[in-house]
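Chains, contacts and geometry: an overview
One-letter residues, chain by chain:
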Amino acid sequence: MGRVFVIDLDGRFYGCRYCNTPLALPHNILSRNFNCSQGRAYLFSKVVNITLGPPVERMMISGLHTVEDIFCCSCGQLLGWKYVLAYEKNETYKEGKFVLERWTIVDNIEEELELNLDAQAGSQGSQGDSQADSQAGSSDTENA
């Protein structure tokens, strides 16, 4: 197989849940109203760091489509599919677009928020502890 080169995405991005490889930027989301067998899914105009499976015809809720499964280029996890061909006219807007199943991706902004909240809680906890220690120390000395 060869060496895998991963494209880095700056700023907020959606990444693989299993290895956090960057996959797509939020401004490339066309729709958040897609569903799959496992739940919610997002339709993207552009996705990076993927490999595609062979084209297969698959019956979807919206009709028959030719699709290619999408795999993470780093860990090989199945992430969703790419629409290659739609057989119904009102579905042709999906051709060339990518669907990432929501449970297979993470939004790195959530992780950044968790890290910031943990850091804030840690600094507030240490300030509160030092204030409590100084108050406890002063009351101990007053009682002595």
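Preceding block: the structure.
My aim in this report is to walk through the structure given alongside it, one point at a time. (Residues numbered from 1 in each chain as written. Predicted model: local features only at pLDDT ≥ 70, side-chain atom pairs only at ≥ 80, totals over all residues. Heavy atoms only, no water.)

**Describing the sheet that holds strand β2 (residues 22–24)**
Short version of the rule: A pair of strands is treated as paired once DSSP finds two or more bridges between them. Comment: elements are numbered from the N terminus, with helices defined as DSSP H or I runs of at least four residues and strands as E runs of at least two. Note on geometry: axes are lines fitted to C-alpha atoms, helical ones only across the stretch in contact, with angles between N-to-C directions running from 0 to 180 degrees.
The sheet built from three strands is open, its strands ordered β2-β1-β10 with antiparallel pairing. Lying at the two open borders of the sheet, with one neighbouring strand each, are β2 and β10 (105–107). Strand-to-strand twist of the sheet, defined as the mean angle between neighbouring strand axes without regard to direction, takes the value 45 degrees. Alignment of strand β1 (residues 14–16) against β2, held across two bridges, turns out to be antiparallel. The residue of β2 that forms the bridge with Tyr14 is Ala24.

**What to know about the side chain of Glu91**
Stated formally: Remark: exposure states derive from per-residue accessible area (1.4 Å probe, protein chains only) relative to the maximum for the residue type, with buried under 20%, exposed over 50%, and partly exposed in between. Should any heavy atoms of two residues lie within 4.5 Å, those residues are counted as being in contact.
Along the polypeptide, Glu91 turns up in the loop between β8 (78–86) and β9 (98–101). You can call Glu91 buried: its relative accessible area is 11%. If we skip the residues at most four places from it in the chain, Glu91 touches Ser62, His65 and Ala86.

**A word on unusual backbone geometry**
Excluding glycine, residues mostly carry a negative phi; peptide bonds, for their part, are mostly trans. One non-glycine residue with positive phi stands out, namely Asn20, at about 65 degrees. Tracing the chain through its elements places Asn20 in the loop between β1 and β2. A relative accessible area of 32% places Asn20 in the partly exposed class. The backbone phi angle of Asn49 is positive, close to 60 degrees, even though this residue is not glycine. Assignment of secondary structure puts Asn49 in the loop between β4 (39–44) and β5 (50–52).

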